[in-house]
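A closer look at the structure
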Amino acid sequence: MAVAVKALFFDVFGTLVDWRTSIAREAKAMLEPQGYKLDWLAFADAWRGEYQGAMDEVRSGRIAFCKLDVLHRRNLELVLPRFGIDKLSEEDRCTLNLAWHRLDAWPDVPPGMHRLKRRYMLAPVSNGNISLMVDLARRNDIPWDAILGSEIAGDYKPKPRVYLAAAEALDLPPRECMMVAAHTKDLMAAAALGLRTGHIARPNEHGPGRGEKGPKEPVDVAGESLEDLAGKLGT
């Protein structure tokens, strides 16, 4: 790379954490003892399926910016009736909504992140709110230097302000930052603003064989795992 990269920015959901099986596990742990029997992975998919539409409400200006926890709760209320879940207490709804704070990382993430930290500043540039990112980091031993993203920018990816605000927060020009994600759309939005790009394959994000095996557009570096990417970035 002609210009030295100093900071790595990470997408989190899907790229670093396995949201699908984690949400299925959390939903089953809460709802099955109450007598509910359902396809737990389908429930996770349905809840996640409302994600982009909710953020579009913010990105378009139809509603004011709010934390992802708030949007997740709105989406949960849409999804529960579809699965016949109609007797869940308010306390349980709040607890279930925070399942997104209890997601497990892919196995390669903790060792890969610690390798990368030897050379680079690390920060999430995620649509997740700060408390959510803190909880996931503590749960999964992710050594962030800072937590950036939607709350810093007051908007959601792929809006340009989210990426630019992250670079500004670390006093770096975009060309000295790299966006790392398992989603080509995220990377192309960052690249259009001058950030470098790193792709991690997550072929099973949405179920077996239902994720990106590789980038759909050219990127600066691509890895089969975070540890593979770390090696290619010299750590």
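Reference entry: report on the structure contained in this document. (Residues numbered from 1 in each chain as written. Predicted model: local features only at pLDDT ≥ 70, side-chain atom pairs only at ≥ 80, totals over all residues. Heavy atoms only, no water.)

On to the nonpolar core, then. Judged by nonpolar contacts, the single largest core of 58 residues is most densely connected at Leu8, Phe10, Phe13, Phe43, Leu116, Trp144 and Leu226. For this core, the element with the highest residue contribution is helix H1 (residues 19-31), accounting for 6 residues. Tyr163, Ala165, Leu172 and Leu187 belong to the second largest nonpolar core, which has 19 residues in total. (Core = buried A, V, L, I, M, F, W, Y, C linked by side-chain atoms within 4.5 Å. Buried < 20%, exposed > 50% of the residue type's maximum accessible area, 1.4 Å probe, protein only. Helix = DSSP H or I, 4+ residues; strand = E, 2+ residues; numbered from the N terminus.)

Counting buried positions along strand E5 (residues 196-200) gives 5 out of 5 residues, so the element sits mostly inside the fold. Residues Arg196, Gly198 and Ile200 point to one face of E5 and Thr197 and His199 to the other, with burial holding for every one of them. Sheet analysis places E5 next to strand E6 (residues 221-223), joined by 3 bridges and oriented parallel. Each residue of the ladder has a partner; that of Ile200, found in E6, is Gly223. (Pairing = 2+ DSSP bridges.)

A word on unusual backbone geometry. Negative phi values dominate among residues other than glycine, just as trans dominates among peptide bonds. At the junction of Lys157 and Pro158, the peptide bond is cis and its omega measures out at 5° in the coordinates. Examined against the element boundaries, Pro158 turns out to sit in the loop between helix H8 (150-153) and helix H9 (160-169). Look at Asp171: it is not a glycine, yet its phi comes out positive at around 55°. With respect to the helices and strands, the residue Asp171 is situated in the loop between H9 and strand E4 (177-181). Classification of Asp171 by relative accessible area gives exposed; the value is 69%.

In the structure shown here, the tally under the stated rule is 7 aromatic pairs. Considering the side-chain rings of Phe13 and Tyr51, the 6.2 Å spacing of their centres and the 80° angle between planes classify their relative orientation as edge-to-face. Of this pair, Phe13 sits in the loop between strand E1 (7-10) and H1 while Tyr51 is found in helix H3 (residues 51-59), placing the two residues 38 residues apart along the sequence. Considered together, Phe13 and Tyr51 belong to a single accessibility category, that of buried residues. Through a chain of ring-to-ring contacts, three or more aromatic side chains come together here, namely Phe13, Phe43, Trp47, Tyr51, Phe83 and Trp100. (Phe/Tyr/Trp six-rings, centres within 6.5 Å; stacked < 30°, edge-to-face > 60°.)

Attention now goes to the pattern of salt bridges. Evaluated as defined, the whole model comprises 21 salt bridges. Two residues, Arg62 and Glu57, come together in a salt bridge whose shortest N-O distance is 3.0 Å. Of the residues examined, Arg62 reaches a relative accessible area of 54% and is grouped as exposed. A salt bridge links Lys232 to Asp228; the shortest N-O distance between them is 3.7 Å. Of the two residues, Lys232 and Asp228 are both situated in helix H11 (residues 226-232); the distance of 4 residues between them amounts to about one turn of the helix. For Asp228, a relative accessible area of 26% puts it in the partly exposed group. Put simply, Arg25, Glu26, Arg102, Asp104 and Arg139 are held in one network by salt bridges that share partners. (Salt bridge = Lys/Arg side-chain N within 4 Å of Asp/Glu carboxyl O.)

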